[in-house]
Amino acid sequence: MYEKTPPKVSGLLSMSDGQGIYWEESGSPDGIPLLYLHGGPGAGLGTRGYVTKADPDRFRIIGLDQRGCGRSVPLAADPQHNLEANTTSRLIADLEELRTHCGIDKWVLNGVSWGSTLAMAYAQSHPARILGIVAMAVTTTSRAEIDWITEGVGAIYPEEWDLFAGHAEQAGIGYRRGTTRLVEAYRQLMRHPDWDLRDAASLAWARWEDAHISLGSSGSRRDSRWNDEDYRHHFVTLTTHYWAHDGFCDPALLERMDRLRDIPGVLIHGRLDVSAPLVTAWQAHRRWARSRLVVDEAQGHGGRSMVEAWLHANDELASRLASGTP
């Protein structure tokens, strides 16, 4: 991996609707523009590991905390944040405002997990602005994917899912398993006026996420970011908001893959990814003429060898762009 260099430029960009979006730039000011889109929704840029996946001598690397998370303001769980205005179409508009602010004509997109959904959604809306896409742990945030990750995976982790669903049943909002969507119950809980109910729901969600993402990793693990109460609340608020609305992708992304037909792309996915089964990446690849699918047989929803494939894909794309190879 490349060195994690500090940002050369950063700021809080005031968007047209009054939101403040944190962004930062690393690498070469004259390099190929590259935009990194983080996961979640709501994970933020975190410790900035994304900058180590692109050559700082060849790329102008830009990252942002999507609205409502990280260092953007106001945060999703803040009463001042208009969550109803936080949609995929609005995130796409944010990216366009950032692109214009940075004086960029076209850029490469990197996206991980939810970031891959946003990358494809943005590219489908603005294909002329895309030089190429590298996506890891590919998702499209369809209803089938969300119902799987919140309910279907219970067939693999029944004891953890019982706790997850049981918490919603005991929260006093009228949820009963098998009658309504569990993700909608958690969306309601994260919007509840009682802080204690919201906090308990965020902890239950965090435990479930740690459980279903563990396969293909080094075993059971707890994400240390959950220790940050503010992070946990903003993350779960945004994730349940987007997931309960099927990622605000209508029509579904897989129905519009023809819009990417002239864009080169690399899709990197783990065979052992229980949270987001390989079938989604495979379907996207089948419908995307210039895409290449890289399947890591030993990994789940991320892993060192997948990260190496991500880095190599950026290197290859930089070489192709530099040589003028279509």
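Residues numbered from 1 in each chain as written. Predicted model: local features only at pLDDT ≥ 70, side-chain atom pairs only at ≥ 80, totals over all residues. Heavy atoms only, no water.

S.K.: Help me get a handle on the nonpolar core, residues and values and all.
M.R.: Among the nonpolar cores identified, the biggest contains 72 residues, and L35, L109, I133, L182 and Y186 are the most heavily contacted of them. If we ignore the near neighbours within four places in the chain, the residues touching I133 are L109, A119, A123, I263, P264, G265, V266, W288 and L317. Of all hydrophobic cores here, the second largest spans 23 residues; its members include Y50, A54, I61 and A309. (Core = buried A, V, L, I, M, F, W, Y, C linked by side-chain atoms within 4.5 Å. Buried < 20%, exposed > 50% of the residue type's maximum accessible area, 1.4 Å probe, protein only. Contact = heavy atoms within 4.5 Å.)

S.K.: Break down the pattern of salt bridges for me, citing the residues and quoting the values.
M.R.: Taken as a whole and assessed by the stated rule, the structure comprises 23 salt bridges. With a closest N to O distance of 2.8 Å, R67 and D17 form a salt bridge. One end of the pair, R67, is in the loop between β4 (59–64) and α1 (88–101); the other, D17, is in the loop between β1 (9–14) and β2 (20–27), with 50 residues separating them in the sequence. Exposure remark for D17: the relative accessible area of 38% places this residue in the partly exposed category. (Salt bridge = Lys/Arg side-chain N within 4 Å of Asp/Glu carboxyl O. Helix = DSSP H or I, 4+ residues; strand = E, 2+ residues; numbered from the N terminus.)

S.K.: Let's hear about the side chain of H212: which residues, and what values?
M.R.: Locating H212 in the fold gives a position in helix α6 (residues 195–212). Here the side chain of H212 touches S275 through a polar contact of 2.6 Å, side chain to side chain. Dropping the residues within four chain positions of it, H212 is found in contact with I149, V153, Y157, V274 and S275. (Polar contact = N/O pair within 3.5 Å; in protein donor to acceptor, adjacent residues only side chain to side chain.)

S.K.: Would you mind going over the pairing of strand β5 (residues 107–112) in detail, with residue names and values included?
M.R.: Every regular strand shows the same layout, with side chains that alternate between the two sheet faces. The element β5 is largely enclosed, with a buried count of 6 among its 6 residues. As defined by bridge partners, strand β3 (residues 32–37) adjoins β5 across 4 bridges and the pair is classed as parallel. Looking at the pairing, Y36 lines up with N110 of β5. Alignment of β5 against strand β6 (residues 130–136), held across 6 bridges, turns out to be parallel. Its bridge partner being in β6, G111 is matched across the sheet by A135. (Pairing = 2+ DSSP bridges.)

S.K.: I'd like a rundown of the packing of aromatic side chains, residues and numbers included.
M.R.: This structure, assessed with the given rule, holds 13 aromatic pairs. Put simply, the rings of F164, Y186, W205, W208 and W243 touch in pairs and so form one group of aromatic residues. (Phe/Tyr/Trp six-rings, centres within 6.5 Å; stacked < 30°, edge-to-face > 60°.)

S.K.: Outline helix α3 (residues 143–150), supporting the account with residue identities and numerical values.
M.R.: Within the span of α3, buried status applies to E145, I146, I149 and T150. In a view along the axis of α3, the buried residues occupy a sector of 115°, so they form one face of it. Buried residues in α3 make contact with α4 (158–169), α5 (182–190), α6, α7 (229–244) and α8 (279–287). (Arc of directions from axis to C-beta.)

Everything listed here is a matter of geometry and, on its own, says nothing about what the molecule does.
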